[in-house]
Each structure stands twice: as structure tokens, then as C-alpha cells.
Amino acid sequence: YLDQRVNARILDQLAPGFSVFDGFCYVGQWAIRAAKAGADRVVAVDSSNPAIEQAKANAERNGVAGLCRFEAGDVT
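Predicted, not measured: the structure shown is a model, and the values here were computed from it.

## Some details on the overall build of the protein chain
At step 1: Within the protein chain one finds 3 helices and 3 strands.
At step 2: Secondary structure of the protein chain in N-to-C order comes out as α-β-α-β-α-β.
At step 3: A compact globule built from 76 residues would reach a C-alpha radius of gyration of about 11 Å, and the protein chain, at 12 Å, matches this within 12%.
At step 4: For the protein chain, the spread of C-alpha atoms along the principal axes amounts to about 30 × 30 × 25 Å.
At step 5: Burial status across the protein chain gives 34% buried among its 76 residues.
At step 6: Counting only contacts in the protein chain whose residues sit at least 6 apart along the sequence, the fraction spanning at least 24 positions is 49%.
At step 7: When the accessible surface of the protein chain is split by element, carbon and sulfur atoms take 53% of a total near 5,000 Å².
At step 8: In the protein chain, the 8 positive side-chain charges and the 9 negative ones have mean positions that sit 6 Å from each other.

## With respect to the pattern of salt bridges
At step 1: Taken as a whole and assessed by the stated rule, the structure comprises 4 salt bridges.
At step 2: Residues Arg5 and Asp3 are paired through a salt bridge, measuring 2.6 Å at the closest nitrogen-oxygen approach.
At step 3: By relative accessible area, which is 56% here, Arg5 ends up exposed.

## A few points about the sheet that holds strand S3 (residues 68–72)
At step 1: The 3 strands lie next to each other as S1-S2-S3, forming an open sheet whose pairing is parallel. Since the sheet does not close on itself, it has two edges, and those belong to strand S1 (19–23) and S3, each with one partner. Averaged over all pairs of adjacent strands, the angle between their axes in this sheet comes to 15°, without regard to strand direction.
At step 2: Sheet strands touched by helix H3 (residues 49–61): strand S2 (41–46) and S3. Its angle to S3, the strand with the most contacts, is close to 170°.

## Here's the deal with the side chain of Asn58
At step 1: Here Asn58 lies in helix H3.
At step 2: Relative accessible area serves as the criterion here: at 17%, Asn58 is assigned to the buried category.
At step 3: Among the polar contacts listed, one links the side chain of Asn58 to the backbone oxygen of Val27, at a separation of 3.0 Å.
At step 4: Excluding residues within four positions of it along the chain, Asn58 makes contact with Val27 and Ile32.

What counts, and where the lines are drawn
- Residues numbered from 1 in each chain as written.
- Predicted model: local features only at pLDDT ≥ 70, side-chain atom pairs only at ≥ 80, totals over all residues.
- Heavy atoms only, no water.
- Helix = DSSP H or I, 4+ residues; strand = E, 2+ residues; numbered from the N terminus.
- Rg over C-alpha atoms; globule rule 2.2 N^0.38 Å.
- Buried < 20%, exposed > 50% of the residue type's maximum accessible area, 1.4 Å probe, protein only.
- Contact = heavy atoms within 4.5 Å.
- Areas by Shrake-Rupley, 256 points an atom, 1.4 Å probe, with all protein chains shown as cover.
- Lys, Arg positive; Asp, Glu negative; His and termini not counted.
- Charge placed at Lys NZ, Arg CZ, Asp CG, Glu CD.
- Salt bridge = Lys/Arg side-chain N within 4 Å of Asp/Glu carboxyl O.
- Pairing = 2+ DSSP bridges.
- Axes fitted to C-alpha atoms, helices over the stretch in contact; angles between N-to-C directions.
- Polar contact = N/O pair within 3.5 Å; in protein donor to acceptor, adjacent residues only side chain to side chain.

The values are spatial; any link to function lies outside them.
Set out below in C-alpha cells:
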């Protein structure tokens, strides 16, 4: 469950050229990974405002803030 290396490699192959939705994104790990892998744009949602703020900062640090939109909200 905790080892996501295989899933990360799959995302790297699938993301380029696509729009990606990351529900329950927490601090943006998968959203940022998708953007860095070549996604055209990424929309990520989490219910925690502090997590969303951290995700925005993480995207900025990784140079993909322009590709990622983070929103606080209920995914369900």
C-alpha cells in the first residue's frame, strides 16, 4: 500500500498530453507528478484548506504551479 513506485511509473506514462483530476489530493504529490510528467493541466481537490495551501506551495517549488489548479472542496 505505501510503496507507490509502480503507480508513479504508470502515471508518468499516462499523463502526457492529458487533463488530470486528482481527488483527495492532500498536499499534491500525484497532481505535481502528473504535471511534471507532461499533463496539459491538473485539477486537484482536497477538503483541507491547509493541505491545499501546502499543495500550492509544493507546486510552486516544483515549477508546475501554472499547470496545477488546487481547490478546497468535497470530492464526494
